[in-house]
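In case you want the letters, here they are:
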Amino acid sequence: VSTQSTGNIHDVVFDDENISINDVASLLKLFFRELPVSLLAPWYLQLTNAMEIEDETEKLYQIQDIIYELPGTEFHTLKFLIDHLFKVAQYQETNRMTPENLGVVFGPTLMSTRDPNNEYSRNEYQLIKTLIDYFPWFYHVDVDEEAIKREELRQAEEELKKIMSNIAAPEGSSQTSWIVEVSYRRESVNIRIDAGQTLRDVSAEILQRTKLGDGDYALYEFLCDGALKRPVHLSEYLLNTTVTLWDERVQRSWLAIDTNSMKEKMRKAAGKYADDSQEHGRLHVYEGKKRWREVEVKVSQETLSYDNSRLRGRCSVNLTQNTWYLGCEAGISPPSEFCFTLRSTDQTKDEQFKVFSATEEQDLWRWLWRINSVKHQELNYRLVKSKRAVLSTSSHRSSFILPNER
C-alpha cells in the first residue's frame, strides 16, 4: 500500500483478490505503530498507575476520567478503535481474538513511550483489555441501539447532501459538517457539527461559547414555529437533528438552550411508575380535520399501539423510529393542553406526525417517560463540561454493570 500511495489516502487502491483480512489488520496496527507519538504515550504514567488501583470500581472510574480528558482527536480515535476491537472480540470463538489477546497485540502499539529503558509492562495490555471489556460503560454506549444509530446517521448524511445541493449552506459548512446556530438568552452562537458527533461531544464547547457557567441546562429542539419542543439527549447524533431543522414539513425550527426542567418532571414520573406494570391507558389521538378520538393506548417493548377507526384496525408505531416532542401543531384544537407529538424519522412516510392528548399533566409525563425509555434508559440531557459518561441514577439501569455489582 505504501508504494502505491501518493500521500492521499483516497488514491490508495485495494485489490480484494490479493489482500486478505490479515493484511488489513496488519495495516491498522502498522498505522498506529508508525505514529510519531503513540496514541496514549503522553498519558502512559497516568493510565498505568490507574491500573495498579486494587479496588476494581475505583480503577474503572479513574481510567474513565483520564480518557475523557483526552484531546478531541485522541479521544475519538481511541473510541472508534476500541469500538472496533470490542466487535472483533464478539467473534473470539472463531478468530481467537479475546480481549486479552487483542490487548497483547495493541497494548505496546498504543502506549509505547519510545523509551528504550521502559520495559514492556503487563499493565499496557491489561489496560487495552479493560477498555474492550468495559467499552459500553466507558463510552456510554447501548450496544443494541448502536446499529440503529449508525443507520440513522447514514440517512442523515445522505439527507444533508440533498439539502446542501438545493440551498445556500452557511459559510464553513461541507457535506460532512454543518454550522448550526444555537440560541440562548436572546443571543446566539454558531457551532460546527461533524458527522458522527453526539451532543456529548460538543457539550463543553457550547457551554464555553455561551458562557453560561455552572447550571442545569439542556439543548432543546423547537419545531413548527416553537409549537413542538424536546430536549436533545447527550447520546444523540447532532447531524440527525440538524437535518430535521431543514425539513420543509416542520416549518420554522431552531435549537436553543434553556433550563433542564423536563428531566425532573420525567424523573418524578419514573419514580412513581417505575414499579407499575401497567403500560397502557387512555389518550386522545388526533385523526385530522380537528377530530380527536379517545382510545386505549398500549406500549409493549418498542411499540405503541391503539385502535385506528380510519384504518379499521390496530395502529402500531415503532418508537425506535420516532422522536417525541412536547406540544402539538397550532390549529388542531386538542382536548387539553397536555399534548405530545411523535415524529417519524422515516423520511419516506407521508404522515410525519402522530399527536396525542392526555387528560392530566401527570399522565402526560408518565407517557413521555415511558416512550423516552425505549431509546434512552438514562435521563442524560444536562449539558456537561466534559465528555465523561456517568452511571445513571434513574430507575431504568443499563444492563452493563460494574464488577462489584454482579
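In case you missed it, the structure is sitting above this.
The notes below deal with the structure included here. Note that the structure is a prediction, hence the values are computed from the model and not measured. (Residues numbered from 1 in each chain as written. Predicted model: local features only at pLDDT ≥ 70, side-chain atom pairs only at ≥ 80, totals over all residues. Heavy atoms only, no water.)

1. Some details on helix α3 (residues 56-67)
Between the first and last C-alpha of α3 there are 17 Å, a value that for 12 residues agrees with the 16 Å anticipated at 1.5 Å per step. By the burial criterion, the buried members of α3 are Thr57, Lys59, Leu60, Ile63, Gln64, Ile66 and Ile67. Structurally, α3 contributes buried residues whose contacts are with α2 (44-51), α4 (72-89), α7 (122-133) and α8 (135-138). (Helix = DSSP H or I, 4+ residues; strand = E, 2+ residues; numbered from the N terminus. Expected span 1.5 Å × (residues − 1). Buried < 20%, exposed > 50% of the residue type's maximum accessible area, 1.4 Å probe, protein only. Contact = heavy atoms within 4.5 Å.)

2. Topic: the packing of aromatic side chains
Enumeration over the complete set of coordinates arrives at 14 aromatic pairs. Measuring from centroid to centroid gives 5.3 Å for tyrosine 61 and tryptophan 137, while their planes differ by 80°, and the two rings are edge-to-face. Here the residue tyrosine 61 occupies a position in helix α3, and tryptophan 137 occupies one in helix α8, the gap between them amounting to 76 residues. Ring centres 5.4 Å apart and planes at 40° place the aromatic pair phenylalanine 135 and tyrosine 139 in the tilted group. Assessed through its relative accessible area of 2%, phenylalanine 135 is described here as buried. On the basis of relative accessibility, which here comes to 4%, the residue tyrosine 139 falls in the buried class. Taken together through their ring pairs, the aromatic side chains of Tyr68, Phe75, Phe86, Phe135 and Tyr139 make up a single cluster. Note that lysine 229 overlies the ring of tyrosine 220, its terminal NZ or CZ placed 4.5 Å from the centroid. Taking NZ or CZ as reference, arginine 366 lies 5.7 Å from the ring centre of tryptophan 367, over its face. (Phe/Tyr/Trp six-rings, centres within 6.5 Å; stacked < 30°, edge-to-face > 60°. Lys NZ or Arg CZ within 6 Å of the ring centre and 35° of its normal.)

3. As for the pairing of strand β12 (residues 353-357)
Counted residue by residue, β12 has 5 buried out of 5 residues, so it is predominantly covered. Judged by which residues are buried, β12 turns out to be covered on both faces: Phe353, Val355 and Ser357 on one side and Lys354 and Phe356 on the other are all buried. Sheet topology note: the strand β6 (residues 280-288)/β12 ladder contains 2 bridges and is antiparallel. The residue bridging valine 285 from the neighbouring strand is phenylalanine 356, located in β12. Strand direction decides the pairing type here: strand β11 (residues 339-344) and β12, joined by 5 bridges, are antiparallel. Across the sheet, the residue bridging to phenylalanine 340 is phenylalanine 356, located in β12. (Pairing = 2+ DSSP bridges.)

4. A closer look at the packing of α4 against helix α6 (residues 99-111)
Remark: α4 packs on α6, axes separated minimally by 10 Å, with the N-to-C direction vectors making an angle of 155°. Put simply, α4 runs roughly antiparallel to α6. Crossing geometry of α4 relative to α6 is assigned as right-handed. Across the interface between the two elements, Leu81, Leu85, Val88 and Ala89 of α4 pack against Pro99, Leu102, Phe106 and Leu110 of α6. (Axes fitted to C-alpha atoms, helices over the stretch in contact; angles between N-to-C directions. Parallel < 35°, antiparallel > 145°, perpendicular 65-115°, else oblique. Left-handed = near helix turned anticlockwise from the far one by under 90°.)

5. Points about unusual backbone geometry
Although it is not a glycine, arginine 96 adopts a positive phi angle of roughly 60°. Locating arginine 96 in the fold gives a position in the loop between α5 (92-95) and α6. Overall, arginine 96 belongs to the exposed group, its relative accessible area being 65%. Positioned with a positive phi, lysine 290 is a non-glycine residue whose angle comes to about 60°. Here lysine 290 shows up in the loop between β6 and β7 (291-300). According to the relative accessible area criterion, lysine 290 is exposed, its value standing at 54%.

6. A word on the nonpolar core
Within the largest apolar cluster, 34 residues are counted, with the highest numbers of intra-cluster contacts made by Ile67, Leu78, Leu131 and Phe138. Elements represented by at least two residues in this core include exactly α2, α3, α4, α6, α7 and α8. Per element, the largest residue contribution to this core is 7 residues, and it comes from α4. Those residues in contact with leucine 131 that sit more than four places away from it in its chain are Ile63, Ile67, Leu78, Ile82 and Phe138. (Core = buried A, V, L, I, M, F, W, Y, C linked by side-chain atoms within 4.5 Å.)

Read these as layout, nothing more, since geometry by itself doesn't imply function.
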